[in-house]
Amino acid sequence: MITARMEKEINAQIKAEFESAFIYMGMAAWAHKNGYFGTENFMWKQAKEEEGHALKLIDYLKDVDATVEIPGIEKPTTGYKSILDVFEKGLEHEKHITSRINNLVTISDEDGDYATNDFLQWYVSEQVEEEKTFRNIVKRLKMVGDHVNGIFMIDSKLEER
Ligand code: OFO
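Residues numbered from 1 in each chain as written. Predicted model: local features only at pLDDT ≥ 70, side-chain atom pairs only at ≥ 80, totals over all residues. Heavy atoms only, no water.

**Some words on the layout of surface pockets**
Now for step 1: Here the largest pocket defines a volume of roughly 320 Å³.
Now for step 2: If you trace the largest pocket, you find 15 residues lining it, with Ile137, Arg140, Ile154, Lys157 and Leu158 closest to the centre.
Now for step 3: Secondary structure elements with two or more residues in the lining of the largest pocket: helix H4 (114-144) and helix H5 (148-157).
Now for step 4: Top element by residues in the lining of the largest pocket is H4. It accounts for seven residues. (1 Å grid on protein atoms, 1.4 Å probe; cavity = no way out; pocket = protein on both sides within 12 Å on 5 of 7 lines; lining within 4 Å. Points joined across faces, edges and corners; volume = space filled by probe spheres on them. Helix = DSSP H or I, 4+ residues; strand = E, 2+ residues; numbered from the N terminus.)

**Some details on unusual backbone geometry**
Now for step 1: Although it is not a glycine, Asp65 adopts a positive phi angle of roughly 60 degrees.
Now for step 2: Here Asp65 shows up in the loop between helix H2 (37-63) and helix H3 (83-111).
Now for step 3: For Asp65, a relative accessible area of 65% translates into the label exposed. (Buried < 20%, exposed > 50% of the residue type's maximum accessible area, 1.4 Å probe, protein only.)

**With respect to the packing of H4 against H5**
Geometry of a packed helix pair, given as the angle between the helix axes and the separation of the axes.
Now for step 1: Relative to each other, H4 and H5 sit at 160 degrees, their axes nearing to 8 Å. Taken together, the axes of H4 and H5 lie roughly antiparallel to each other. Between H4 and H5 lies a crossing of right-handed hand. Of H5, the residues touching H4 (which contributes Arg140, Leu141 and Val144) are Gly150, Ile151 and Ile154.
Now for step 2: Within the contact of H4 with H5, the residues separate by chemical class into four nonpolar, one polar and one charged. (Axes fitted to C-alpha atoms, helices over the stretch in contact; angles between N-to-C directions. Parallel < 35°, antiparallel > 145°, perpendicular 65-115°, else oblique. Left-handed = near helix turned anticlockwise from the far one by under 90°. Contact = heavy atoms within 4.5 Å. Nonpolar A, V, L, I, M, F, W, Y, C, P; charged D, E, K, R; others polar.)

**Things to note about the packing of aromatic side chains**
Now for step 1: On inspection of all chains with the given rule, the structure shows nine aromatic pairs.
Now for step 2: Between Tyr24 and Phe134 the ring centres are 5.5 Å apart and the planes differ by 25 degrees, which places this aromatic pair in the stacked class. Taken together, the residues span a long stretch of sequence, with Tyr24 in helix H1 (residues 4-33) and Phe134 in helix H4 at a distance of 110 residues.
Now for step 3: Overall, the relative accessible area of 0% leaves Tyr24 in the buried class.
Now for step 4: Geometrically, the ring pair formed by Phe87 and Phe134 is tilted, given 5.9 Å between the ring centres and 45 degrees between the ring planes. Of this pair, Phe87 sits in helix H3 while Phe134 is found in helix H4, placing the two residues 47 residues apart along the sequence. (Phe/Tyr/Trp six-rings, centres within 6.5 Å; stacked < 30°, edge-to-face > 60°.)

**Details of the side chain of Asp155**
Now for step 1: Within the secondary structure, Asp155 sits in helix H5.
Now for step 2: The buried charged residue Asp155 lacks any salt bridge, with Arg161 as its nearest oppositely charged partner at 12 Å.
Now for step 3: A polar contact is formed between the side chain of Asp155 and the side chain of Thr39, at a distance of 2.7 Å.
Now for step 4: Sequence-distant contacts of Asp155, defined by excluding residues within four places in its chain, comprise Gly35, Tyr36, Phe37, Gly38, Thr39 and Ile83. (Lys, Arg positive; Asp, Glu negative; His and termini not counted. Salt bridge = Lys/Arg side-chain N within 4 Å of Asp/Glu carboxyl O. Polar contact = N/O pair within 3.5 Å; in protein donor to acceptor, adjacent residues only side chain to side chain.)

**Some details on H2**
In an α-helix there are 3.6 residues to a turn, and that puts residues three or four apart on one side.
Now for step 1: A rise of 1.5 Å per residue sets the reference length of H2, with its 27 residues, at 39 Å; its end C-alpha atoms lie 39 Å apart and thus fit the reference within 8%.
Now for step 2: Among the residues trailing H2, Asp65 stands out with phi positive, at a value near 60 degrees. (Expected span 1.5 Å × (residues − 1).)

**Here we look at the packing of H3 against H4**
Now for step 1: Axis separation between H3 and H4 bottoms out at 9 Å; the angle between their running directions is 160 degrees. Judged by the inter-axis angle, H3 sits roughly antiparallel to H4. For H3 against H4, the interelement crossing comes out left-handed.
Now for step 2: Across the contact of H3 with H4, the residue classes tally to 15 nonpolar, seven polar and eight charged.

Any functional reading would require information beyond the geometric quantities listed.
This is the structure in structure tokens:
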């Protein structure tokens, strides 16, 4: 059994993961509109992953017989300045998610909730990967600056995800 506050916080994280999916779908829509088809592909796949993160949390709440709340999600923005802006905002967002996961781990420690602590370790590792992925793309985009050929190459590479 998990504590009431842990149940509340995991439900809030379910919402945050679905919000992540929506944010990335908004980025995919922007990328499509602007002809960055590699980025579009990357973001649709990222959105799918985020949905997976939410569903994994839902399964966990079911496993421990807690109450699942299905959240309402606000419409995401599709207004971005550039492909660099997209990935910088993505990185910022992943850092925000990391701090949320860390907070959940802290709560599990305070509650003496070893099962949830163990379950959350998957998210701890996943966030290292998520931040790394976005950070590396930001680095490469900064490297090429405004050079169209460089941007085109990076975007094309993202079609392989
Ligand atoms: Fe992007 O890791 Fe979940 O939110």
